[in-house]
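Given next are the chains, with one letter for each unit.
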Amino acid sequence: MRKEVTAGELNTESFTREKVEDIRNAVGDGTAINALSGGVDSSVVTMLGHLALGPRLRTVIIENGLMRESEVEQVVAYFRDLGVAVEVVDARTEFFAALKGVTDPEKKREAITQTFYRDVFGRIVRESSARYLLQGTILTDVDETVAGIKRQHNVFEQLGIDPQAAFGYRILEPLIELRKDGVRKLGKSLGLPNELFDRIPFPGPALAARVIGEATPERIETVRRATVVIERLLKESGAFQYLGVLHEDRVTGMRDGKRDFGQQIEVRCWDSTDARTAKPTRLSFDLLEQLGREIIREVPGVVSVTYNIASKPPSTIEAI
Ligand code: XMP
């Protein structure tokens, strides 16, 4: 059993001191590397690593082409304001090549995971002189792996690093005793901006989890534009999570007096506390109509907007 430090017990000052010390002792005069996604866990790990190692920590953010509007730039700017340099690695071509022609949901997820670990981040790690990887694993990830919800994985294998050659590589997981609420508390004490904590959950496969069928650059752009409208109009809804899904079926609509066989966006907005179960939020019909109007006005090619009224289970929060 791994030790748990609850959010209530967590003394952010002594925890930070201890972890900074651990990272320094482990890395010595070497260098470390980490991948930042902009999520809470990887953001907090980046701050701890930065405090411990300064410029000897190389933090990369991988632009996979699947993130929300301006998301990568925003995350880089938050860290720039904190004095942390983040390197953007443009891997859009590789991700879209891996997603080409893939329509099966699990294969899509797998293509994204493989491209991230083995092709892009794996290459960066293999080509760098860093032998230490900082990872934002939290206790819940460990529990979910044990319970079989998440796949047990050997990170080095995922990175395409042969265990023989991997000798000398080490993973540092400074958040492994914490759960999400503890990580948030720690992040706030480290000066991370509220915007990073107030963000609604966002899945690893990013917008590709919200495109039914092939995730082409054009189709991702469609769901990205719809997401801008949905996040703007539902920001004050108090809902747990809200998102748009691009469907494959087309329907006839009228645009500028002409018949247009166009695309459909489904809006999902969830009330939930832990994402395990969820119910559709009872949005007002006025707000729903406004969503319909503004999505159709701002997203080229969309002629139909629907609202999901199924609960989880058996539905899931994301569409794939
Ligand atoms: P589902 O769709 O399974 O989602 O009901 C439950 C919660 O998890 C998020 N989600 C993910 N988060 N990587 C993540 O880090 C993923 O692959 C992933 N898939 C779903 C989802 O947004 C929701 O909050």
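Because the structure is predicted, anything quoted here is derived from the model rather than measured. (Residues numbered from 1 in each chain as written. Predicted model: local features only at pLDDT ≥ 70, side-chain atom pairs only at ≥ 80, totals over all residues. Heavy atoms only, no water.)

## Some thoughts on the domain arrangement of the protein chain
As far as domains go, the protein chain holds domain 1 (12–197) and domain 2 (211–307). Between the C-alpha centres of domain 1 and domain 2 the distance comes to 30 Å. Listed by partner, the interface residues are 12 residues for domain 1 and 12 residues for domain 2. Note on domain 1 versus domain 2: buried area summed over both sides is about 900 Å², and carbon and sulfur give 54% of it. Viewed at the interface, domain 2 and domain 1 are joined by one salt bridge. Among the salt bridges present, the one from Glu231 reaches Arg68, with a minimum N-O distance of 2.9 Å. Within the side of domain 1 that touches domain 2, the residues separate by chemical class into five nonpolar, three polar and four charged. (Domains from an automatic or database assignment. Contact = heavy atoms within 4.5 Å. Buried area = accessible area lost by both parts, 1.4 Å probe. Salt bridge = Lys/Arg side-chain N within 4 Å of Asp/Glu carboxyl O. Nonpolar A, V, L, I, M, F, W, Y, C, P; charged D, E, K, R; others polar.)

## Regarding the sheet that holds strand 1 (residues 32–36)
Strand pairing in a sheet relies on backbone hydrogen bonds. The paired strands run either parallel or antiparallel. The parallel open sheet is built from five strands, whose spatial order is 3-2-1-4-5. Two strands lie at the open edges of the sheet, namely strand 3 (86–90) and strand 5 (170–172), each paired on one side alone. With direction set aside, neighbouring strand axes in the sheet form an average angle of 30°. Summarising the sheet, strand 1 and strand 2 (residues 57–63) pair through five bridges and their orientation is parallel. If you follow Leu36 over to strand 2, its bridge partner there is Ile61. Packed on one face of the sheet, helix 1 (residues 12–27) meets strand 1, strand 4 (132–134) and strand 5 and runs near 170° to strand 5. (Pairing = 2+ DSSP bridges. Helix = DSSP H or I, 4+ residues; strand = E, 2+ residues; numbered from the N terminus. Axes fitted to C-alpha atoms, helices over the stretch in contact; angles between N-to-C directions.)

## Things to note about the packing of helix 4 (residues 92–99) against helix 5 (residues 105–127)
Where helix 4 meets helix 5, the closest approach of the two axes is 9 Å, and the angle between their N-to-C directions is 145°. The hand of the helix 4/helix 5 crossing is right-handed. From helix 4, Glu94, Phe95, Ala98 and Leu99 reach across to helix 5, where they touch Lys108, Ala111, Ile112, Thr115, Phe116, Asp119, Val120 and Arg123. In terms of residue class, the contact of helix 4 with helix 5 is made up of seven nonpolar, one polar and four charged. (Left-handed = near helix turned anticlockwise from the far one by under 90°.)

## Things to note about the pattern of salt bridges
According to the stated counting rule, one finds 22 salt bridges in the structure shown. Among the salt bridges present, the one from Arg225 reaches Glu221, with a minimum N-O distance of 3.3 Å. Taken together, the positions of Arg225 and Glu221, both in helix 10 (residues 217–234) and four residues apart, correspond to about one turn of that helix. Here Arg225 falls in the partly exposed class, since its relative accessible area comes to 36%. One salt bridge in this structure joins Asp260 and Arg255, with 3.4 Å as the shortest N-O distance. On the basis of relative accessible area, Arg255 is assigned to the partly exposed category, the value being 26%. Counted as one network, the salt bridges with shared partners bring together Lys3, Glu18, Lys19 and Glu177. (Buried < 20%, exposed > 50% of the residue type's maximum accessible area, 1.4 Å probe, protein only.)

## As for helix 4
Buried within helix 4 are the following residues: Phe95, Phe96 and Leu99. Here the buried residues of helix 4 occupy an arc of 95° about the axis, which is enough to place them on one side. Opposite its buried face, helix 4 presents the exposed residues Thr93 and Ala97, each directed more than 90 degrees away. Buried positions along helix 4 lie against strand 2, helix 5 and helix 10. Phi turns positive, to about 75°, at Gly101, one or two residues after helix 4. (Arc of directions from axis to C-beta.)

## Overview of the side chain of Thr137
Mapped onto the elements, Thr137 comes out in the loop between strand 4 and helix 6 (139–146). Classification of Thr137 as buried rests on a relative accessible area of 15%. Within the structure, Thr137 has its side chain in polar contact with the side chain of Glu173 (distance 2.7 Å). Every residue in contact with Thr137, bar those within four places of it in the chain, is listed here: Val142, Glu173, Leu175 and Ile176. (Polar contact = N/O pair within 3.5 Å; in protein donor to acceptor, adjacent residues only side chain to side chain.)

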